[in-house]
Structure formats: C-alpha cells, structure tokens
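Structure assessment
Next come the chains, spelled out residue by residue.
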Amino acid sequence: MTREQYILATQQNSLPRTEHPQFYPVGIYGWRKRCLYFFVLLLLVTMIVNLAMTIWILKVMNFTVDGMGNLRVTKKGIRLEGISEFLLPLYVKEIHSRKDSPLVLQSDRNVTVNARNHMGQLTGQLTVGADAVEAQCKRFEVRASEGGKVLFSADEDEIVIGADRLKVTGTEGAVFGHSVETPHIRAEPSQDLKLESPTRSLVMEAPRGVQVNAAAGDLKATCRKELHLQSTEGEIFLNADTIRLGNLPVGSFSSSSSSSSPSSSSSSSPSSSAPRQTIYELCVCPNGKLYLSPAGAGSTCQSSSNICLWS
C-alpha cells in the first residue's frame, strides 16, 4: 500500500458521521398485537366451554367404563335397562328380557318382525297390528313350553291341532264345511252334545264301527224324513230294559174270526163279549214297516198283511 492510500484511508475513518443509524424492531405491535391477543383469548374461552359441555354430557348421559346410560356392554352382549327407543332398523341375533320381568315391544302403529336368508330375501314375517296378527311363512307352529310338543301347525296342505283336547266355547258351536276326522267327540260333564246338520244330511262312518254312548243321559236322534239303521254284514242289536216304539198303527183282533181280513176288523169295533186286550205283538211288513197287533190265541202277524198297505 502506498503512503497516499494509507492517508486517505485513515482520513475517511476519522471523519465524523452525521447520519443517524436506523433500527428495525422485531415482533408484532399495534392493532395486530391486540387482534392476536383477542383470538388467543377467544380460543381459550372456547376450549373452556367445550370442556365444560363435554363434562356435562358425560354426566348427563352417565358414561362409564361399561357403557352409557341404560346401555351396558357385557361379555354376553349389550344390556338395556328401562325404556329404549330405536329410530332406525335394529339387527340383532337374540332378544330376551330379565328373568323377573317380561319383554314388551311397543309401537304407535305396527310391530313387524322379519326373517331373511343369506341372500337378503324375506323368508318369514310376523306383523302385530291394531286389527289383526298376520304371519307369513312356509309353516307356522305353536309348541308347548315343556317338551316342545306341537300344539298347532299350519302350512299350505293341512292344519294340525296336536292338543289332547280341543275345546270350543262359542255359543254357536263349531261349524265344519267339509268332512271331519276325529277318534273322539265329547261334551263337558254338565253339557249336552249335539251333532246337527240344519239343511243337509248327517253321516257318521267308521271302518270298524261307530259307538255312541250316553253314560248319564238320554240319546236322541231326530230327522225330518227317514232314519236308516243299516248293517251290511252284521246285525243291529238293541239291548235295553224297555224298548218303546211310539205312534205305530194298531190292528184289531176278533176271537170269532181270526182269519178275517185286518182291514175289515180294523174298521169294525171288537166284540163286546171278548175282553179288552192289553198285550200287543210287534209285526214287520215286507217293506220294513212296523205295526202293533193285539195278541190272542195265535199270532195275527201273518193274517194281518193288509195292514201294511195303510200302516
């Protein structure tokens, strides 16, 4: 470096500086600082209110480690206590109540229970409404609580009643539009049993016989036209202390002319000398009609064939 350069350099450093130095402050000042403090304070208040609301919700909903409110999560599933309302469909595998309380399903309209297969198709439906209870399925069964015996079953082909006794308490009885197959029909101990067909015929058939028994009462068969008792291979056996056939035509008997025609003897009065007869014979006509004939010295059934014409 030369002398002149050294002198110039030292002179420039020794010269006083007339300009003031400029300082640049670091940070946020003024209205920006106030806005930042306001937002920080607002965030702090929001956090406090949110924390208070969370604590209040936890307190009101009764949140615990096991669940919330009336809902408890156990090892066997979910347990609900009290009244619960479901606004959306509920999909569960099993619903049962406590041992000391019933299970109540309540709705303002209908209660419908659906069963679907793995394809999502509806296989069974039970609808409980205000007017009726409807079940749509392939087979409907009602079983006993003990033993699982089928009490009632219904499908497209038949209806089966598996109870030991079917009791009909209606005042009009039971009305069957078609045939009925049953091994036993019995009334109550203090009631009468009545089988009636108001407009058609009543037929009772059995491959090995029909037994009608009235242990403590009367047996009465009434019809408008003919009553047929028919036995194709056996016999009709009437076993009783007294057998009465009312409203049968009665023929007359005269001791003077036993061979006289019954038609003439029936029109004329019996002889005044003959005593009044109190014993009658039951005679059968070839067409099956019955009539009574006074018993005398001999049988008058053979000589009273003409009575079959008007009996």
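Remember, predicted model here, so these are calculated numbers, not experimental data. (Residues numbered from 1 in each chain as written. Predicted model: local features only at pLDDT ≥ 70, side-chain atom pairs only at ≥ 80, totals over all residues. Heavy atoms only, no water.)

Regarding its fold elements, the chain presents 4 helices and 11 strands. For the chain, the residues scored as buried account for 7% of the 311 residues in total. The contacts in the chain between residues at least 6 apart in sequence include a share of 18% that link residues at least 24 apart. (Helix = DSSP H or I, 4+ residues; strand = E, 2+ residues; numbered from the N terminus. Buried < 20%, exposed > 50% of the residue type's maximum accessible area, 1.4 Å probe, protein only. Contact = heavy atoms within 4.5 Å.)

Attention now goes to the packing of aromatic side chains. Going through the model one piece at a time under the given rule, you end up with 2 aromatic pairs. The interplanar angle of 65 degrees and the centroid separation of 5.9 Å between the aromatic rings of F38 and F39 together place this pair among those described as edge-to-face. Each of the two residues, F38 as well as F39, counts as exposed. Ring centres of F140 and F152 lie 6.5 Å apart, and the angle between their planes is 65 degrees; on these two criteria the pair is classed as edge-to-face. Highlighted residues: F140 in strand 7 (residues 140-143) and F152 in strand 8 (residues 150-154), separated in sequence by 12 residues. Residue F152 is classed as partly exposed on the basis of its relative accessible area of 28%. (Phe/Tyr/Trp six-rings, centres within 6.5 Å; stacked < 30°, edge-to-face > 60°.)

If you walk across this open sheet you meet the 3 strands as 1-2-3, and the pairing is antiparallel. Of all strands in the sheet, those with a lone pairing partner are strand 1 (67-68) and strand 3 (78-80), marking the two edges. Sheet analysis places strand 1 next to strand 2 (residues 71-73), joined by 2 bridges and oriented antiparallel. Its bridge partner being in strand 2, G67 is matched across the sheet by R72. (Pairing = 2+ DSSP bridges.)

Right, let's get into the sheet that holds strand 4 (residues 111-116). Strand order in the open sheet formed by 3 strands is 4-5-6, with antiparallel pairing between adjacent strands. With one partner strand each, in any of the chains shown, strand 4 and strand 6 (133-136) form the two edges of the open sheet. Within this sheet the neighbouring strands show an average axis-to-axis angle of 10 degrees, counted without direction. (Axes fitted to C-alpha atoms, helices over the stretch in contact; angles between N-to-C directions.)

This next bit is on a nonpolar patch on the surface. A surface patch of nonpolar side chains, amounting to about 1100 Å² of accessible area, comprises L41, L44, V45, I48, V49, M53, W56, I57, L58, V60, M61 and F63. Position of F63 among the secondary structure elements: in the loop between helix 2 (31-60) and strand 1. The partly exposed category is assigned to F63, whose relative accessible area is 40%. (Patch = residues over 30% accessible without salt bridge, like charges linked within 9 Å, V, L, I, M, F, W, Y side chains within 5 Å. Areas by Shrake-Rupley, 256 points an atom, 1.4 Å probe, with all protein chains shown as cover. Salt bridge = Lys/Arg side-chain N within 4 Å of Asp/Glu carboxyl O.)

Our next topic: the pattern of salt bridges. In total, this model carries 5 salt bridges according to the counting rule given. We note a salt bridge from R139 to E141, for which the minimum N-O separation is 2.6 Å. Its relative accessible area of 41% is what places R139 among the partly exposed residues. Since its relative accessible area comes to 31%, E141 is described here as partly exposed. Among the ionic pairs, E141 bridges to R143, the shortest N-O distance being 3.0 Å. What you see here is one network of salt bridges that share partners, running through R139, E141, R143 and D155.

Moving on to the UniProt feature "transmembrane region" (unreviewed entry) in the chain. The positions UniProt marks with the feature "transmembrane region" (unreviewed entry) are residues 36-58. Taken end to end, residues 36-58 is 100% helix and 0% strand, and its two terminal C-alpha atoms sit 33 Å from one another. (UniProt positions renumbered as here; feature names shortened; annotations may be inferred.)

The next thing to look at is the pairing of strand 4. Two faces make up the sheet, and in a regular strand the side chains alternate between them. Direction of pairing for strand 4 relative to strand 5 (residues 122-128): antiparallel, over a ladder of 6 bridges. Within the sheet, the bridge partner assigned to V111 lies in strand 5 and is V128.

The next subject is the side chain of S153. With respect to the secondary-structure elements, S153 resides in strand 8. On the basis of relative accessibility, which here comes to 2%, the residue S153 falls in the buried class. A distance of 3.3 Å separates the side chain of S153 from the side chain of R139, its partner in a polar contact. Not counting the four nearest positions on each side in its chain, S153 is found in contact with R139, F140, E141, E158, I159 and V160. (Polar contact = N/O pair within 3.5 Å; in protein donor to acceptor, adjacent residues only side chain to side chain.)

Moving on, we get to the environment of N62. Examined against the element boundaries, N62 turns out to sit in the loop between helix 2 and strand 1. On the basis of relative accessibility, which here comes to 36%, the residue N62 falls in the partly exposed class. When near neighbours in sequence (up to four residues on either side) are disregarded, N62 contacts I57, G67, M68, G69 and R72.

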